Structure formats: structure tokens, C-alpha cells
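# Structural features, examined
Residue strings, one per chain:
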Amino acid sequence: RKEVEQDPGPFNVPEGATVAFNCTYSNSASQSFFWYRQDCRKEPKLLMSVYSSGNEDGRFTAQLNRASQYISLLIRDSKLSDSATYLCVVTGNTGKLIFGQGTTLQVKP
Amino acid sequence: ETGVTQTPRHLVMGMTNKKSLKCEQHLGHNAMYWYKQSAKKPLELMFVYSLEERVENNSVPSRFSPECPNSSHLFLHLHTLQPEDSALYLCASSQIGGVRGEQFFGPGTRLTVL
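Note that the structure is predicted; figures quoted are calculated from it, not measured. Along each chain, residue indices are assigned from 1 in the same order as the chain's sequence is written. Going through the entries in the order they are written, you letter the chains from A and number the ligands from 1. For a predicted model such as this one, the threshold for reporting local features is a pLDDT of at least 70, and the threshold for listing and counting side-chain atom pairs is 80 or more; totals across whole chains, interfaces and linings nevertheless cover every residue. To obtain the side-chain values, all non-hydrogen atoms of the structure were used and water was disregarded.

## Details of the state of the cysteines
Note that a disulfide, as used here, is simply two cysteine sulfur atoms within 2.5 Å. Tallied over the full model, the rule gives 2 disulfides over all chains. The side chain of Cys 23 of chain A participates in a disulfide bridge whose partner is Cys 88 of chain A; the two sulfur atoms lie 2.0 Å from each other. Measuring the twist about the S-S bond at about -70°, one finds the Cys 23 of chain A-Cys 88 of chain A disulfide to be left-handed. In this pair, Cys 23 of chain A is assigned in strand β3 (residues 19–25) and Cys 88 of chain A in strand β9 (residues 84–91), connecting sequence segments 65 residues apart. Exposure is judged per residue with a 1.4 Å probe applied to protein chains only, and the accessible area is read against the type maximum: over 50% gives exposed, under 20% gives buried, and values in between give partly exposed. Judged by its relative accessible area of 1%, Cys 23 of chain A falls in the buried class. The partner cysteine of Cys 23 of chain B in its disulfide is Cys 91 of chain B, sulfur to sulfur 1.9 Å. Residues Cys 23 of chain B and Cys 91 of chain B are joined through a disulfide that is left-handed, its torsion about the S-S bond being -70°. Note that Cys 23 of chain B is positioned in strand β3 (residues 18–25) and Cys 91 of chain B in strand β9 (residues 87–94), a separation of 68 residues in sequence. The thiol of Cys 68 of chain B is not disulfide-bonded; the next cysteine sulfur, from Cys 91 of chain B, is found 9.1 Å away. Each helix corresponds to a stretch of at least 4 residues labelled H or I by DSSP, and each strand to a stretch of at least 2 residues labelled E; elements are numbered beginning at the N terminus.

## What about unusual backbone geometry?
Working note: non-glycine residues mostly have negative phi, and peptide bonds are mostly trans. All names here are of chain A. Cis geometry is adopted by the peptide bond preceding Pro 10, which originates at Gly 9 and carries an omega value of 10°. Structurally, the position occupied by Pro 10 is in the loop between β1 (4–6) and β2 (11–14). For Asp 77, which is not glycine, the phi torsion reads 50° and is therefore positive. Note that Asp 77 resides in the loop between β8 (70–75) and β9. Residue classification places Asp 77 among the partly exposed positions, given a relative accessible area of 35%.

## Describing the nonpolar core
In this description, a nonpolar core means a group of buried Ala, Val, Leu, Ile, Met, Phe, Trp, Tyr and Cys residues linked to one another through side-chain atoms lying within 4.5 Å. Membership of the largest hydrophobic core comes to 24 residues, with the highest contact counts inside it found for Phe 21, Trp 35, Ile 71, Leu 73, Ile 75, Tyr 86 and Leu 105 of chain A. Elements that contribute at least two residues to this core include exactly β3, β4 (33–38), β5 (44–50), β7 (60–65), β8, β9 and β11 (103–108) of chain A. Residue contacts follow a heavy-atom distance rule, with two residues in contact if any of their heavy atoms lie within 4.5 Å. Every residue in contact with Ile 75 of chain A, bar those within four places of it in the chain, is listed here: Ala 17, Thr 18, Val 19, Phe 21, Arg 59, Phe 60, Asp 82, Tyr 86 and Leu 105 of chain A. Of all hydrophobic cores here, the second largest spans 22 residues; its members include Met 32, Cys 68, Ala 87 and Cys 91 of chain B.

## What to know about the interface of chain A and chain B
At the interface, 17 residues of chain A touch 19 residues of chain B. Buried area is a sum: the accessible area each of two parts loses on coming together, probed at 1.4 Å, counted once for each and added. Interface area, chain A with chain B, both sides summed: about 1,500 Å², of which 54% is carbon and sulfur. Area buried by chain A at its contact with chain B is led by Glu 43, Phe 99 and Gln 101 of chain A, which between them contribute 32% of it. When a carboxyl oxygen of Asp or Glu lies within 4 Å of a side-chain nitrogen of Lys or Arg, that pair is called a salt bridge. Counting every contact that joins chain A to chain B gives 0 salt bridges. Counting of polar contacts relies on pairs of N or O atoms within 3.5 Å, with two restrictions inside protein: one atom must be capable of donating a hydrogen and the other of accepting it, and residues adjacent in sequence are counted only when both atoms are side-chain atoms. Where chain A packs against chain B, one counts 3 residue pairs in polar contact (both at pLDDT 80 or more). Of all elements in the fold, only β4, β5 and β10 (97–99) of chain A reach the threshold of two or more residues within the side of chain A that touches chain B.

As C-alpha cells, then:
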């Protein structure tokens, strides 16, 4: 089983749509959770951390369900500029970051 | 604009060549990382240097040899690579004790092994 599992997509959505990605992780001892964004042919960049209570940053909402070991990212009112690959990241036993394969989002006009 | 630079951006080498990848971070961080990103695969952590000391080596073949002469510079020396080593090699840095989980990545070196 992969340590961090994501549906690779692609998710093709029209502008203005709401889209949600899920991610599952296998290590119940994982302490910290994040979403990174990677544009085509660019490096990954931290999008937001994910907290147990859920957190929101503008149009982006992240949620964590420790019991089910899954993380979600919700994007409201999608923009063309949201097109990218979204990487689910958890910390391993030693604190290192473990990346999922990524989910590709394509927002169409 | 990223504070982590990598050179070269593209590299094509034969299996018998020796080359080095260079990474430099201008952020004052004290930890640096090498990752490998292959098509359709997650980023794989290769090496971690914390305070200039190698703290992690994720079962990477010996044909990859890292070097961290100081906290701002990181090298990856390559020799006798295989075609399956073709990938994007990303360097990253972070501040131990800083924002948790935040690593800053360089633009990567796209390596092709013929």
C-alpha cells in the first residue's frame, strides 16, 4: 500500500466550479499534513497546512479526518490559474515529508 | 521568485560520464534535501542534510553521492548512471524549527541518461 495515496485525475472542471480532492495515508502515527501545489514544469510550493479542526484560506478549505486517515482539499469558484497538480503531503516517523503522487486539476474557460 | 537555485537546469549524460548537480539556497536555512521526481511517481526523498550533517540516506544507490560543504550549498555527484535514473532532481531547503512542513524547492535539474 502506498504511504500517501491520491487519485491522479485529471479533474477537468469549468471556471467557477467547486472541486474537491481526497488523499489517504497509511501511517496512523503521522503528525502533520499539508497540501503543496506544483505547476507544470515548476517546483512544488506549499499551499496550506491541514489542521484537525479544518482550515480555510480564501477559496481553499482543507480538512483532516484522523480516524479515517484522509485529508481533503476543497476549491471553490475555480479560476483558470488554479490549474496545477496538488500534492498531498504527510510527515513520516522521522518528521520527513512524504509526498503523494499528486492530483492534476485542469480548469477550463 | 524562489530563493533556491539549481544548476544546470537540463543535463544529458551518457552512462559512463561523471557530472555534478549544484544547489544553492539564499534563505538562511539550515537543512537541505535532494528529491527525485519521476514521471507518474511521487517525489522520492534521497538525502537530507541538517546543519551540514547527512541525517538521512534513503537507500540511494552509490552512483549518487551528495556533498554539503556549508549550509548554503548542496551538490549531487553522479557517475555511471543508468537510463532509469532519468528524472527531475529537486533540491529543497527548510529551517529546522521554522514553519512546520514548509520546504522551499529549487526549479530542478531535468536529467536524461542515454
